[in-house]
Amino acid sequence: MPEIYNSTQLRRELHGLAELGLDVKNTAAFVLQKLRALGIEADYVPGSYGVLGVIRGSEPGEVVLIRSDMDALPFKNPDGSVTAVHACGHDAHMGMLLEAASRLVGKIRRGTLKILFQPAEETMQGALLMVEKGVLDDVDIAVGAHVRPMQDLKPGTLCAAVMYSGFAFPIVTVHGKPAHGSRPQLGVNAIDGANAIITAVNSIHMTPDVHWTIKPTQIKADGAMNIIPPVCTMRFDIRAKSNQVMTGLLDKFKQAVKGGAEAVGCTADIEMGKVGPAPDYDPEITKELADCINEVAPGRLAPNCGGGGEDFNFYKTAMPKLRTGFFGVGVGVTPGLHNRDMHFDDTLLPVGAAVFAAFVLKHLG
Ligand SMILES: [Zn+2]
Ligand SMILES: [Zn+2]
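Here the structure is a predicted model, which means the values were calculated and not measured.

1. Some words on the coordination of the zinc ion (ligand 1)
Part 1 of the reasoning: At this site the zinc ion (ligand 1) is bound by Cys88 (SG), Glu122 (OE), Glu122 (OE) and His338 (NE2), with donor distances of 2.0 to 2.7 Å.
Part 2 of the reasoning: Considering all four donor atoms around the zinc ion (ligand 1), angles at the metal cover 52 to 149° and the coordination shape is irregular.
Part 3 of the reasoning: Each donor residue of the zinc ion (ligand 1) belongs to the same chain, with the gaps between them written as C-x33-E-x215-H.
Part 4 of the reasoning: Between the zinc ion (ligand 1) and the zinc ion (ligand 2), both coordinated by cysteine 88, there is a metal-metal distance of 3.1 Å. One end of the pair, cysteine 88, is in the loop between strand 5 (82-85) and helix 3 (90-104); the other, glutamate 122, is in the loop between strand 6 (110-118) and helix 4 (126-132), and 34 residues separate them in sequence.
Part 5 of the reasoning: Here cysteine 88 falls in the buried class, since its relative accessible area comes to 7%.

Okay, structure coming up:
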């Protein structure tokens, strides 16, 4: 019998290895060694520090992928140096996935189980990189999980679907024309352009049936107190709970920026950046995850919760036929995710590992 791993213990070991983005060399070596020690066929995802373990059943069946992220977050020290800290709980996710893997060795009868450790979730590069490398090509179902803050889930409870938002953080550059402050009629004030854009953006209306929000978060115009500023840059934070609403919202945003700028004689460019997708979970998979939670933790299924963004959702937009699900694990994260002092009760992690294992066995056992 292979060893059964303990996700609490593994999380504590992985916590000290915190690394950033795509550059998770030591973390990858750790999880690879742990998978191989279980006798699981495992290797790096070529050209990356992603790690993929594979367990094949003897009968044909679905390909199910369970996924953990691997990266930590950078925090600036008083001396200007940067320390990587696992402040989003990705150490916990790796621990749960490794424990689940150890519980599944010898139990996969049909189909194939893929156990994926994905780098660069925080930088929104990892999921699409794994897709590019072909990891998802044959996958029918992909499931992930995230530990949740205290405000979302009481410690010890779990939810079947973490309701993330789609997001975009465009940069807008407004162009006017410089002039001496005493002769404003000879110039075009880029701040006036920014002001008109904000008014136009605040006049956008989308359906109230789906949560969405759009607001300026940064604004900056260089110049002196007596110069009409020719350039003003702005940043917006845009979120929506559905990809359809996000698409409509971004169209209206582009119109508002163009129209607002033109109304006062300015022009404006938009650098849209990466648009993060909202979740598009398969209702059947969410229902099965709820069943698994009821099975392994009776009475501890909580209502769906969530917020923020997650690059797991890129898997679905990149592979439209893929069926996805993503459950939440209540471990009492305080003061919050992405806080350097973030801490939680990691003795609750084995329940999350058990949900992963129960879900896999429903399909491949
Ligand atoms: Zn995070
Ligand atoms: Zn995270």
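2. Some remarks on the pattern of salt bridges
Part 1 of the reasoning: Enumeration over the complete set of coordinates arrives at 19 salt bridges.
Part 2 of the reasoning: A salt bridge links glutamate 41 to arginine 56; its shortest N-O distance comes to 2.9 Å. Within this pair, whereas glutamate 41 is found in strand 1 (residues 41-44), its partner arginine 56 is found in strand 2 (residues 51-56), the two being separated by 15 residues in sequence.
Part 3 of the reasoning: Within this structure, Arg11, Arg12, Asp91 and Asp346 form a network of salt bridges that share partners.

3. Examining the packing of helix 1 (residues 7-15) against helix 9 (residues 349-364)
Each packed pair of helices is defined by two parameters, the angle between the axes and the distance between the axes.
Part 1 of the reasoning: Packing of helix 1 against helix 9 brings their axes to within 8 Å, and their N-to-C directions diverge by 110°. Between helix 1 and helix 9, the interaxial angle falls into the category roughly perpendicular. Contact residues: helix 1 offers Ser7, Thr8 and Arg11, while helix 9 offers Leu349, Pro350 and Ala353.
Part 2 of the reasoning: Looking at the contact of helix 1 with helix 9 residue by residue, the class counts come to three nonpolar, two polar and one charged.

4. Concerning the environment of alanine 302
Part 1 of the reasoning: Along the polypeptide, alanine 302 turns up in strand 16 (residues 301-302).
Part 2 of the reasoning: Spatially, the C-alpha atom of alanine 302 lies 35 Å from that of arginine 36, the residues being 266 residues apart in sequence.
Part 3 of the reasoning: In contact with alanine 302, not counting residues within four places along its chain, are Leu153, Thr157, Leu158 and Cys159.

5. Brief notes about the packing of aromatic side chains
Part 1 of the reasoning: Evaluated as defined, the whole model comprises seven aromatic pairs.
Part 2 of the reasoning: Where phenylalanine 327 meets phenylalanine 356, the ring centres are 4.9 Å apart and the plane angle is 65°; that geometry is what we call edge-to-face. Here phenylalanine 327 is found in strand 17 (residues 323-333), whereas its partner phenylalanine 356 is found in helix 9, with 29 residues between them in sequence.
Part 3 of the reasoning: Grouping aromatic residues by their ring pairs yields a cluster made of Tyr164, Phe312, Tyr315 and Phe326.
Part 4 of the reasoning: Between lysine 274 and the ring centre of phenylalanine 314, over which it is positioned, the NZ or CZ distance is 5.9 Å.

6. Examining the coordination of the zinc ion (ligand 2)
In ideal tetrahedral geometry, four donors around a metal make angles of 109.5 degrees, whereas ideal octahedral geometry with six donors gives angles of 90 or 180 degrees.
Part 1 of the reasoning: In this structure, Cys88 (SG), His90 (NE2) and His146 (NE2) serve as the protein donors to the zinc ion (ligand 2), at separations of 2.1 to 2.4 Å.
Part 2 of the reasoning: Within one chain, the residues donating to the zinc ion (ligand 2) are spaced in sequence as C-x1-H-x55-H.
Part 3 of the reasoning: The buried category is assigned to histidine 90, whose relative accessible area is 0%.

7. Section: the UniProt feature "domain: Peptidase M20 dimerisation" (unreviewed entry) in the protein
Part 1 of the reasoning: UniProt feature "domain: Peptidase M20 dimerisation" (unreviewed entry): in the numbering of this structure it lies at residues 172-258.
Part 2 of the reasoning: End C-alpha atoms of residues 172-258 are separated by 10 Å, and the span's content is 32% helix alongside 32% strand.

8. Side note on the domain arrangement of the protein
Part 1 of the reasoning: What the domain assignment reports for the protein is domain 1 (7-163 + 279-364) and domain 2 (166-271).
Part 2 of the reasoning: Taken residue by residue, the interface counts eight residues in domain 1 and four residues in domain 2.
Part 3 of the reasoning: Roughly 410 Å² of surface becomes buried between domain 1 and domain 2 when both sides are summed, with 53% attributable to carbon and sulfur atoms.
Part 4 of the reasoning: Broken down residue by residue, the surface that domain 1 buries against domain 2 is led by Met124, Met163 and Pro279, which jointly contribute 51%.
Part 5 of the reasoning: Along the contact surface separating domain 1 from domain 2 lie one residue pair in polar contact (both at pLDDT 80 or more).
Part 6 of the reasoning: The class makeup of the residues in the side of domain 1 that touches domain 2 is two nonpolar, five polar and one charged.

9. Looking at the pairing of strand 6
Part 1 of the reasoning: For strand 6, a buried count of eight out of nine residues is recorded, marking the element as mostly surrounded by other parts of the structure.
Part 2 of the reasoning: Taken together, the eight bridges between strand 3 (residues 59-69) and strand 6 define a ladder with parallel strand orientation. Note on strand 6: the bridge partner recorded for valine 64 is leucine 113.

10. Quick look at the layout of surface pockets
Part 1 of the reasoning: When its volume is computed, the largest pocket comes out at roughly 320 Å³.
Part 2 of the reasoning: Lining the largest pocket are 16 residues, with Glu122, Met124, Gly308, Gly309 and His338 sitting closest to its centre.
Part 3 of the reasoning: When the residues that make up the lining of the largest pocket are grouped by side-chain class, the tally is seven nonpolar, five polar and four charged.
Part 4 of the reasoning: Each of two domains, domain 1 (7-163 + 279-364) and domain 2 (166-271), supplies a minimum of three residues to the lining of the largest pocket.

11. Quick notes on the state of the cysteines
Part 1 of the reasoning: Enumeration over the complete set of coordinates arrives at zero disulfides.
Part 2 of the reasoning: Not engaged in a disulfide, the cysteine cysteine 159 finds its nearest cysteine sulfur in cysteine 305; these two sulfurs lie 3.7 Å apart.
Part 3 of the reasoning: Here cysteine 232 is not disulfide-linked; the sulfur of cysteine 266 is the nearest cysteine sulfur, at 8.9 Å.
Part 4 of the reasoning: Assessed through its relative accessible area of 1%, cysteine 232 is described here as buried.

About the criteria used
- Residues numbered from 1 in each chain as written.
- Chains lettered and ligands numbered in written order.
- Predicted model: local features only at pLDDT ≥ 70, side-chain atom pairs only at ≥ 80, totals over all residues.
- Heavy atoms only, no water.
- Donors = N, O, S within 2.8 Å, 3.2 Å for Na, K, Ca; no water.
- Tetrahedral: all angles 85-135°; square planar, octahedral: opposite > 155°, others 65-115°.
- Helix = DSSP H or I, 4+ residues; strand = E, 2+ residues; numbered from the N terminus.
- Buried < 20%, exposed > 50% of the residue type's maximum accessible area, 1.4 Å probe, protein only.
- Salt bridge = Lys/Arg side-chain N within 4 Å of Asp/Glu carboxyl O.
- Axes fitted to C-alpha atoms, helices over the stretch in contact; angles between N-to-C directions.
- Parallel < 35°, antiparallel > 145°, perpendicular 65-115°, else oblique.
- Contact = heavy atoms within 4.5 Å.
- Nonpolar A, V, L, I, M, F, W, Y, C, P; charged D, E, K, R; others polar.
- Phe/Tyr/Trp six-rings, centres within 6.5 Å; stacked < 30°, edge-to-face > 60°.
- Lys NZ or Arg CZ within 6 Å of the ring centre and 35° of its normal.
- UniProt positions renumbered as here; feature names shortened; annotations may be inferred.
- Domains from an automatic or database assignment.
- Buried area = accessible area lost by both parts, 1.4 Å probe.
- Polar contact = N/O pair within 3.5 Å; in protein donor to acceptor, adjacent residues only side chain to side chain.
- Pairing = 2+ DSSP bridges.
- 1 Å grid on protein atoms, 1.4 Å probe; cavity = no way out; pocket = protein on both sides within 12 Å on 5 of 7 lines; lining within 4 Å.
- Points joined across faces, edges and corners; volume = space filled by probe spheres on them.
- Disulfide = S-S within 2.5 Å.

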